[in-house]
Amino acid sequence: MREYLRPYYARLCCIILAAILAVTAETLVPIVTKSVIDRVVVAGIRSELVPLSIAAMVLGVLQAGLNFFRRWAVSGATVGMEKTIRDDLYHHLQRLEPAFHDSWQSGQLLSRATNDLSTIRRFAGFGVVFFITNTWTFALIVVLLIQMNWWLGLLTGGVFLPVTVLCLRFEKRYRLLSRRYQDQQGDLATYIEEAASGIRVLKSLGRRDEASARHLAQARVVYGTQVDKARLRGTFWAALDLVPNAAIGLLLLLGIVAVGRHELSLGGLVAFVTLTLLLVWPIEAMGFILATGQEAATAAQRIYEILDTPPLITDPAARPGASMDRPGLSAGRWLSDHRAELAAGVASPARPMAQGSGRLVFERVVFGYPEAPALVLRGVSLELEPGETVALVGATGSGKTTLLHLVPRLADVTGGRITLDGADIRDLPLPELRSRVGCAFEDPTLFSASLRENVGFGVPDASEAAILAALEAAQAEFVADLPWGLDTRIGEQGMALSGGQRQRVALARAILGRPEVLLLDDPLSALDVHTEAKATAALASVLAASTALVVAHRPSTVLLADRVALLEGGVITAVGTHHELLATQPRYRDLMSADDLGDGPDDGAGNNGRAAPGVTAGASR
Ligand SMILES: Nc1ncnc2c1ncn2[C@@H]1O[C@H](COP(=O)(O)OP(=O)(O)OP(=O)(O)O)[C@@H](O)[C@H]1O
Ligand SMILES: [Mg+2]
């Protein structure tokens, strides 16, 4: 049991107790009626009429009051419980590494966080309460009937026994159908989500009909399972209806026989019939309750499949026996020491590069994706001195993005290690590591928020001046034309930005906190030649303040770097300046396409028209 659910369980226990007391009060009313008939009407003891009437009234008021409390308290408890589990699920999903998300369909996660949680809430608020109170009502009534007439009581109890057997059989079959239905619903949610997010691709390739057909096929599967479920439920409920209603007639007949044999009083017969009728609803409702119970059990199982998945990338503090290479430096302390500096961002005077600050070393780094047969990185060794910019060049699919992902620990190395200022990055607290490393990845993901929030994502208390300076450094001059400036909503359901504009916002986000280490995955790929030239010049001054690893496909970007590393076959095969590699590495020459093959701006002829004026290899230093 999750500790945070304890208060909700306590509240549910109170609600169940109130419900039990309410049905007990309801069940005792026929006993009072029996006394009125036997003692007041038949025996003529009139003095008992008033106390018995008061008792009946008290029981009625008690029942109404307790039911009011149950209904009033139940929604707060169950909605609160649903919210708390959803919060936990969300935080857990955030803790899980990207590889986990790669292996799960988004619709499956979505259906767990919405449908499954609602199913659990419904069961906690209705199913659990009535399962317990109905069982209690059944036991209480059978005991009261046995007290009135033992053989009639036992017979009544016995008549309902086949219902238990029926319930058990139903449960097994319904559990299978519930699981199938909930999984299929998750798949359907994935199709809908993909069709919405990929609408442009679908339309442009004319694949709308195929996507509709795929959706329709899955919707049909879900429909079929839903109908199977409803039919099974319907058959089961019909059987549940039949048993008590058929039994009532028989029991009434036997009750009259018992009265005739003076084994039951007249009041007893009335109480017997009333109590037997009170049994009908609990028995009939059992079918519905068991169905919601099965759905809730399946939903809980599906949610625990996520909650029970341990995050593989954790803080050293969370790993047993882990030691800190930098004793005494906690994430909290590091962040508080650097908070002002982070908030000031690029608007502050350039942060002095401390000796040994931001030295990034890859030591024989090996990495393979889980479930992928081949290793992507087979022993990458590369040293980046503090403040140095290294361009990473390699063919498509050679592992450049993968290598960058390893630094902020979006995945952990399979072999070898990466150190930052001498400390294995796995021994640094994650918040510290991720504050010291700024990233702009290939896919410039923006969130449904204002431009200000998007840029300040990693440094939430950054000043406006710092955000504007970061945007300026990223050459995002289009911001001036946005209708509400920094407060313009961008991302999904916001102002649509072009690919290049998104890239510049992502770049501004990466450089805002002036991270010690800057990882840029082809940061200027979507820019036109003129914007690229301006951005390159601006980027050069930003890169001067950080240790930077920049994935580059074009000479203009390569020229920002002090050195270039060539990634081939999962290893770094050559490191040197752009000119050295051009001269010595045919493969490097191949990668820098023919018309981009300028010797840099220093060739004077400007045949590398894309390079920013005055930017040469190492010129940014
Ligand atoms: N999530 C993943 N799961 C499994 N394999 C992956 C995953 N991401 C990438 N790969 C594989 O790893 C290899 C390296 O991919 P990576 O994205 O690092 O290449 P890249 O050098 O950045 O390419 P590009 O220049 O096209 O961006 C590729 O073969 C790719 O198929
Ligand atoms: Mg890549």
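First, a word on scope: everything that follows refers to the structure included in this document. Note that this is a predicted model, so its numbers are computed, not measured.

Remarks on the sheet that holds strand β5 (residues 423-424)
Spatially, β2-β1-β4-β5 is the arrangement adopted by the four strands of the open sheet, whose pairing is antiparallel. The strands lining the two open edges of the sheet, one partner per strand, are β2 (377-384) and β5. With five bridges connecting them, strand β1 (residues 360-367) and strand β4 (residues 415-420) associate as antiparallel partners. Looking at β4, one finds that Glu363 is bridged to Arg417.

Things to note about the site of ligand 1
Lining the immediate environment of ligand 1, one finds 13 residues, of which Gly397, Lys400, Thr401, Thr402 and Glu442 sit closest. Between ligand 1 and Asp102 there is a distance of 3.0 Å, counted from a nitrogen atom to a side-chain nitrogen or oxygen. Between ligand 1 and Glu442 there is a distance of 2.4 Å, counted from an oxygen atom to a side-chain nitrogen or oxygen. Protein chains shield 63% of the accessible area of ligand 1, which is 630 Å² for the free molecule. Of all the elements, helix α11 (residues 400-406) adds the most residues to the shell around ligand 1, at three residues.

A word on the pairing of strand β3 (residues 389-394)
With respect to burial, β3 is a largely interior element, six of its six residues being buried. On β3, burial covers both faces: Thr389, Ala391 and Val393 on one face and Val390, Leu392 and Gly394 on the other are all buried. Pairing between β3 and strand β10 (residues 547-551): four bridges, direction parallel. Looking across to β10, one finds that Ala391 is bridged to Val550. Bridge count between β3 and strand β11 (residues 563-568): five bridges; the pairing is parallel. Across the sheet, Ala391 pairs through a bridge with Val564, a residue of β11.

Some points on a positive patch on the surface
Residues Arg169, Lys172, Arg173 and Arg175 make up a contiguous surface patch of positive charge. Its place among the elements puts Arg169 in helix α6 (residues 161-197). A relative accessible area of 60% places Arg169 in the exposed class.

A few points about unusual backbone geometry
In this structure, His262 is a non-glycine residue whose phi angle is positive, near 55 degrees. In this fold, His262 is placed in the loop between α8 (208-260) and α9 (266-307). His262 gets classed as exposed once you look at its relative accessible area, which sits at 74%. For Arg364, which is not glycine, the phi dihedral falls at a positive 40 degrees. Its location among the elements puts Arg364 in strand β1. Note on Arg364: relative accessible area 60%, which makes it exposed.

A short note on the coordination of the magnesium ion (ligand 2)
Of the protein atoms, only Thr401 (OG1) and Glu442 (OE) coordinate the magnesium ion (ligand 2), at distances of 1.9 to 2.4 Å. With a gap of 41 residues between them, Thr401 in helix α11 and Glu442 in the loop between β6 (437-440) and β7 (449-450) connect regions that are remote in the sequence.

A look at the nonpolar core
Core analysis: the largest hydrophobic core is formed by 57 residues, its most contacted members being Ile15, Met81, Phe170, Leu264, Ile303 and Ile306. Going through the elements one at a time, α1 (6-42), α2 (49-95), α4 (106-148), α6, α8 and α9 are the ones with two or more residues in this core. In terms of residue count, α9 provides more of this core than any other element does, 15 residues in total. Look past the residues within four positions of Ile306 in its chain and what remains in contact with it is Leu89, His92, Leu93, Leu96, Phe100, Trp104, Leu109 and Arg112.

Describing the side chain of Asp116
Along the chain, Asp116 turns up in helix α4. What makes Asp116 buried here is its relative accessible area of 1%. Only 3.2 Å separates the side chain of Asp116 from the side chain of Gln182, close enough to count as a polar contact. Once residues lying within four places of it in the same chain are set aside, the contact partners of Asp116 are Ser111, Gln182, Ala299, Arg302 and Ile303.

Re the side chain of Thr133
Position of Thr133 relative to the elements: it lies in helix α4. Polar contacts involving the side chain of Thr133 include one to the main-chain carbonyl oxygen of Phe130, which spans 3.4 Å. With sequence-adjacent residues up to four places away left out, Thr133 is seen in contact with Ile16, Ala19, Ile20 and Val23.

A word on the sheet that holds β6
Across the sheet, which stays open at both edges, the six strands sit in the order β6-β9-β10-β3-β11-β12 with mixed pairing between neighbours. At either end of the open sheet lies a strand with only one pairing partner, and these are β6 and β12 (571-576). With direction set aside, neighbouring strand axes in the sheet form an average angle of 20 degrees. Examined bridge by bridge, strand β9 (residues 517-521) and β10 share five bridges and lie parallel to one another.

Quick word on the packing of aromatic side chains
Within the structure shown, the criterion is met by ten aromatic pairs. Ring geometry for Phe126 versus Phe288: centroids 5.5 Å apart, planes at 65 degrees, classification edge-to-face. In this pair, Phe126 is assigned in helix α4 and Phe288 in helix α9, connecting sequence segments 162 residues apart. Since its relative accessible area comes to 28%, Phe126 is described here as partly exposed. We classify Phe288 as partly exposed; its relative accessible area is 38%. Measuring from centroid to centroid gives 5.0 Å for Phe367 and Tyr369, while their planes differ by 85 degrees, and the two rings are edge-to-face. Judged by its relative accessible area of 4%, Phe367 falls in the buried class. One aromatic cluster is present, built from ring pairs that chain together Phe126, Phe130, Trp237, Trp281 and Phe288.

Basis of the calculations
Residues numbered from 1 in each chain as written. Chains lettered and ligands numbered in written order. Predicted model: local features only at pLDDT ≥ 70, side-chain atom pairs only at ≥ 80, totals over all residues. Heavy atoms only, no water. Pairing = 2+ DSSP bridges. Helix = DSSP H or I, 4+ residues; strand = E, 2+ residues; numbered from the N terminus. Near = heavy atom within 4 Å. Polar contact = N/O pair within 3.5 Å; in protein donor to acceptor, adjacent residues only side chain to side chain. Areas by Shrake-Rupley, 256 points an atom, 1.4 Å probe, with all protein chains shown as cover. Buried < 20%, exposed > 50% of the residue type's maximum accessible area, 1.4 Å probe, protein only. Patch = residues over 30% accessible without salt bridge, like charges linked within 9 Å, V, L, I, M, F, W, Y side chains within 5 Å. Salt bridge = Lys/Arg side-chain N within 4 Å of Asp/Glu carboxyl O. Lys, Arg positive; Asp, Glu negative; His and termini not counted. Charge placed at Lys NZ, Arg CZ, Asp CG, Glu CD. Donors = N, O, S within 2.8 Å, 3.2 Å for Na, K, Ca; no water. Core = buried A, V, L, I, M, F, W, Y, C linked by side-chain atoms within 4.5 Å. Contact = heavy atoms within 4.5 Å. Axes fitted to C-alpha atoms, helices over the stretch in contact; angles between N-to-C directions. Phe/Tyr/Trp six-rings, centres within 6.5 Å; stacked < 30°, edge-to-face > 60°.

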